[in-house]
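# Remarks on the overall topology
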Amino acid sequence: MQAHDHGYMASLDAEEVFAGVRRRTFSSERATVNVYEFDSRGAFPIHRHPNEQITLVQEGSLELTVAGETLSLTEGAWSVIAPDVEHGIVAGPDGARILAIVAPRRDHVDDYEVVQA
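Residues numbered from 1 in each chain as written. Predicted model: local features only at pLDDT ≥ 70, side-chain atom pairs only at ≥ 80, totals over all residues. Heavy atoms only, no water.

### Topic: the side chain of Thr 32
Inspection of the secondary structure puts Thr 32 in strand β3 (residues 32–38). Taking relative accessible area as the criterion, Thr 32 reaches 1% and is therefore assigned buried. Side chain to side chain, Thr 32 and Ser 27 meet in a polar contact 2.8 Å long. Once you skip the residues sitting within four places of it in the chain, Thr 32 turns out to touch Thr 25, Phe 26, Ser 27, Ala 100, Ile 101, Val 102, Arg 105 and Arg 106. (Helix = DSSP H or I, 4+ residues; strand = E, 2+ residues; numbered from the N terminus. Buried < 20%, exposed > 50% of the residue type's maximum accessible area, 1.4 Å probe, protein only. Polar contact = N/O pair within 3.5 Å; in protein donor to acceptor, adjacent residues only side chain to side chain. Contact = heavy atoms within 4.5 Å.)

Structure representation (structure tokens):
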């Protein structure tokens, strides 16, 4: 393991993971860090994974559904979702950008199960 690593999120390739949802990602030894950019009303469907997820809304607004409960989050809001809890996001009318950190790290960036499209 290196004692230090660094870079720029903007220099990472963005991939469209769902219609209107783009992701840039990297992993450290212990966590996977994702920045998601959502177009207006872009959605990441209800899914689950064995990782804890920390989500921070960097720009815009969204509706976060966790275990069947929907919360409205705006810029600066954060949430922590326990492992194996179903959750999903629908961006607000102006879109959104979020930082999502999952721990432990994922071996494959798409290691999640969509349970409701």
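### As for a nonpolar patch on the surface
On the surface, a cluster of nonpolar side chains totalling about 390 Å² of accessible area is made up of Ile 54, Leu 56, Trp 78 and Val 80. Secondary structure elements with two or more residues in the nonpolar patch: β5 (52–66) and β7 (78–81). We classify Leu 56 as partly exposed; its relative accessible area is 31%. (Patch = residues over 30% accessible without salt bridge, like charges linked within 9 Å, V, L, I, M, F, W, Y side chains within 5 Å. Areas by Shrake-Rupley, 256 points an atom, 1.4 Å probe, with all protein chains shown as cover. Salt bridge = Lys/Arg side-chain N within 4 Å of Asp/Glu carboxyl O.)

### What to know about the pattern of salt bridges
In this structure the tally under the stated criterion is six salt bridges. Asp 39 is the partner of Arg 22 in a salt bridge, and the nearest nitrogen-oxygen pair spans 3.0 Å. Residue Arg 22 is found in strand β2 (residues 21–27), and its partner Asp 39 is found in the loop between β3 and β4 (43–48); the two are separated by 17 residues along the sequence. Glu 59 serves as the salt-bridge partner of Arg 97, at 3.2 Å between the closest nitrogen and oxygen. Taken together, the residues Arg 97 in strand β8 (residues 87–103) and Glu 59 in strand β5 connect sequence positions 38 residues apart. Classification of Arg 97 as partly exposed rests on a relative accessible area of 26%. What makes Glu 59 partly exposed here is its relative accessible area of 40%. Connected via shared salt-bridge partners are Glu 15, Arg 23 and Asp 110.

Shape descriptors only; they carry no functional weight alone.
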